[in-house]
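Architecture and fold: a report
Chain by chain, the residues run as shown.
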Amino acid sequence: MGTIGDPGPPPLGARHGQPGSTVTTVNPLTQLTLAELRTRTSVKWRQYAGDVLPLWVAEMDVPLAAPVAEALHDAVGRGDTGYAYGTAYAEALGDFAARRWGWSDLPVDRVTVVPDVMLGIVEVLRLLTGPGDAVVFCSPVYPPFYAFVSHADRRVVEVPLGADRRMDLSALDEAFRRARAGGRRAVFLLCNPHNPTGVVHRRDELDALADLAGRHGVRVVSDEIHAPLVLPGARFTPYLTVPGAEDAFALLSASKAWNLAGLKSALVVAGRHAVADLRRMPEEVGHGPSHLGVIAHTAAFRDGGDWLDRLLDGLDENRELLGTLLARYAPTIRHHRPEGTYLAWLDCTALGIASGPVGDEPGVVTDVAGPAALFLDRARVALSSGHVFGTGGAGFVRLNFATSPEILTEAVTRMGRAVTEHHGTAG
Ligand SMILES: Cc1ncc(COP(=O)(O)O)c(C=O)c1O
C-alpha cells in the first residue's frame, strides 16, 4: 500500500491484477477503474454529478465474487428464474456462522427468508409489538431505522450512545422501564456491528444487554447485516449465542459483505424461545425475496469465504490509509478506527459548521447539510450527512471506504483542501 510521501498511488484510471480475474488472491477493492465504476447505474453512482467522488451509501466498489457470479450465470443460463424455494440459504448461513463465529446452533427450522433486512425487521416488529408500542435503539444509527419503524406505526425511542460510542446501559435501563410502562410491549433494535460508528459490541456488553432486556421484558431484534465485515482486532458475537437471548431475533444477509443489495433477500433467525412467534409470520412475507437473490446470497455464504478474506484485508488497509490521510490532510477531523463495517464516522464539529436538519426528521438518507454540504460543494466528494443518523449525528459525516486506495486518497486530499479553505475563510 502506498503511504503519503511515497511515490503515491497510481492514477485513478489504473487497474491492479488481472481484468475480470477469478483468482482470489487479489484485493477486490483494486479491480475496477473509476471509469468502469461510473458506468454503474446504482444509486451510489447516479445520485450525484459526474465530477463527484461518491463515498456515501453502503455499496462497495468491487466486482462480484466469482462464486456468486458463477451461480447467477448458471441460473440465468438454465432459465432458473422462478420463485425462491428451500433451505439452502439458511444452511449456507449456518455453516458460515459455525466456521466463522462458532455459532453451531442455527437449525433451518428457526430461519425464514425475507425480502431484505429492513422488511424483515418490520415483520418481526409486527410479531412482537402493536401500533404505538416503543422500538428503542441507540443513536446515531442507520437512518432507515427511523423511517421504517415510524411507517410501521411504532414509536421511535432514541437512546444516544455513550461518549465512548458504546451502548449506555443505564440509559437503556431507564428507556426500557418507560417503554414498558402500563404493560406495553417493547423491542430493542440492536445494530451489531453498529452503523455508522463501526463499533462491534463485545460479548460482555451483549450479556449485560440480554440481562437488562430480560429483566424488563423487552424483546431484542438484532440487525447483524454487517457481521461478516468485522475487521482484524475485533470479534463478532452473534446475539443469539448470548445466554438470556433465547427469545430474541436476528437478521442476517450476504448483502453488505458481498455487495448484493440489488439482489434482494435476507434471513430472519428466531432464538430457541421465539419459534412460536416466528410461526406467526404471515406466509406472504416469504413471497418477497428474489430467487436470484437467494441463489446469490447462498453462493456467497457457501463459497465466498476466500473472496471475503481478501476484501477484509483490503478494508483493513484502507482503514489504515484513511487514518494516515486524515492526519495529514485534515487533522481537525477526528475519528476512531472502526472495528467493523466499511464505514468511518468522522467528527467534523471542529469545523464549526452549523448542521441544521434540512428535513423534518432524521432518516432521509439523501439529505445533505453541514459538513457534508461543504465536502459536496467544495471538494466534490459525496458523504452521508451525520444529521440524518439522529441525535448525536449533527456535525459528523459518514465516509464509505470500500473503494480503491486511489479514489480514497483523491477524496480525502480534496476534503483536506476544502477544510483548509474553510478554516481560511472562517478566519
Ligand atoms: C444496519 C443496516 N441494516 C440494514 C441495511 C439495509 O439492508 P437491506 O437492504 O437488506 O434492507 C443496511 C444497509 O446499509 C444497514 O447498514
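Provided above is the structure to which this section pertains.
On a predicted model such as this, the values are computed, not experimentally measured, just so you know.

Conventions adopted
- Residues numbered from 1 in each chain as written.
- Predicted model: local features only at pLDDT ≥ 70, side-chain atom pairs only at ≥ 80, totals over all residues.
- Heavy atoms only, no water.
- Buried < 20%, exposed > 50% of the residue type's maximum accessible area, 1.4 Å probe, protein only.
- Helix = DSSP H or I, 4+ residues; strand = E, 2+ residues; numbered from the N terminus.
- Pairing = 2+ DSSP bridges.
- Right-handed = clockwise from strand over helix to strand, strands pointing away.
- Phe/Tyr/Trp six-rings, centres within 6.5 Å; stacked < 30°, edge-to-face > 60°.
- Salt bridge = Lys/Arg side-chain N within 4 Å of Asp/Glu carboxyl O.
- Axes fitted to C-alpha atoms, helices over the stretch in contact; angles between N-to-C directions.
- Parallel < 35°, antiparallel > 145°, perpendicular 65-115°, else oblique.
- Contact = heavy atoms within 4.5 Å.
- Nonpolar A, V, L, I, M, F, W, Y, C, P; charged D, E, K, R; others polar.
- Core = buried A, V, L, I, M, F, W, Y, C linked by side-chain atoms within 4.5 Å.

**Considerations on the pairing of strand 3 (residues 134-139)**
Within strand 3, six of the six residues are buried, leaving the element largely enclosed by the surrounding structure. Of the two faces of strand 3, the one lined by Ala134, Val136 and Cys138 and the one lined by Val135, Phe137 and Ser139 are each fully buried. With six bridges joining them, strand 3 and strand 4 (residues 155-160) adopt parallel strand pairing. Looking at strand 4, one finds that Phe137 is bridged to Glu158. You can see the chain leave strand 3, run along helix 6 (residues 144-151) and come back into strand 4, and the turn it takes is right-handed.

**Concerning the packing of aromatic side chains**
Within the structure shown, the criterion is met by 13 aromatic pairs. The interplanar angle of 70 degrees and the centroid separation of 5.3 Å between the aromatic rings of Trp258 and Phe301 together place this pair among those described as edge-to-face. Taken together, the residues Trp258 in the loop between strand 7 (249-252) and strand 8 (266-270) and Phe301 in helix 10 (residues 291-303) connect sequence positions 43 residues apart. Owing to a relative accessible area of 0%, Phe301 belongs among the buried residues under this scheme. Aromatic ring contacts, followed pair by pair, group Tyr89, Phe96, Trp101, Phe236, Trp258 and Phe301 into a single cluster.

**Quick word on the pattern of salt bridges**
Considering all chains together, one arrives at 26 salt bridges under this definition. Between Arg334 and Asp347 there is a salt bridge whose closest N-O contact spans 2.8 Å. Here Asp347 lies in strand 10 (residues 343-347) and Arg334 lies in strand 9 (residues 334-335), a separation of 13 residues in the sequence. Residue class for Arg334 comes out partly exposed when judged on its relative accessible area of 48%. On the basis of relative accessible area, Asp347 is assigned to the buried category, the value being 11%. A network of salt bridges, in which partner residues are shared, links Arg166, Arg202, Asp204, Glu205 and Glu339.

**Examining the packing of helix 12 (residues 370-379) against helix 13 (residues 405-425)**
Packing of helix 12 against helix 13 brings their axes to within 9 Å, and their N-to-C directions diverge by 105 degrees. Between helix 12 and helix 13, the angle falls in the class roughly perpendicular. Touching Leu374, Phe375, Arg378 and Ala379 of helix 12 are Arg414, Met415, Ala418, Val419, Glu421, His422 and Thr425, all from helix 13. Looking at the contact of helix 12 with helix 13 residue by residue, the class counts come to six nonpolar, two polar and three charged.

**Thoughts on the nonpolar core**
Counting residues in each nonpolar core, the largest one holds 106 residues, and the members touching the most others are Leu172, Phe188, Trp258, Leu315, Ile333, Phe375 and Leu399. In contact with Ile333, not counting residues within four places along its chain, are Leu326, Leu346, Asp347, Cys348, Leu351, Phe375, Met415 and Val419. Ranked by size, the runner-up nonpolar core spans 28 residues in total, among them Leu127, Val187, Ile225 and Leu251.

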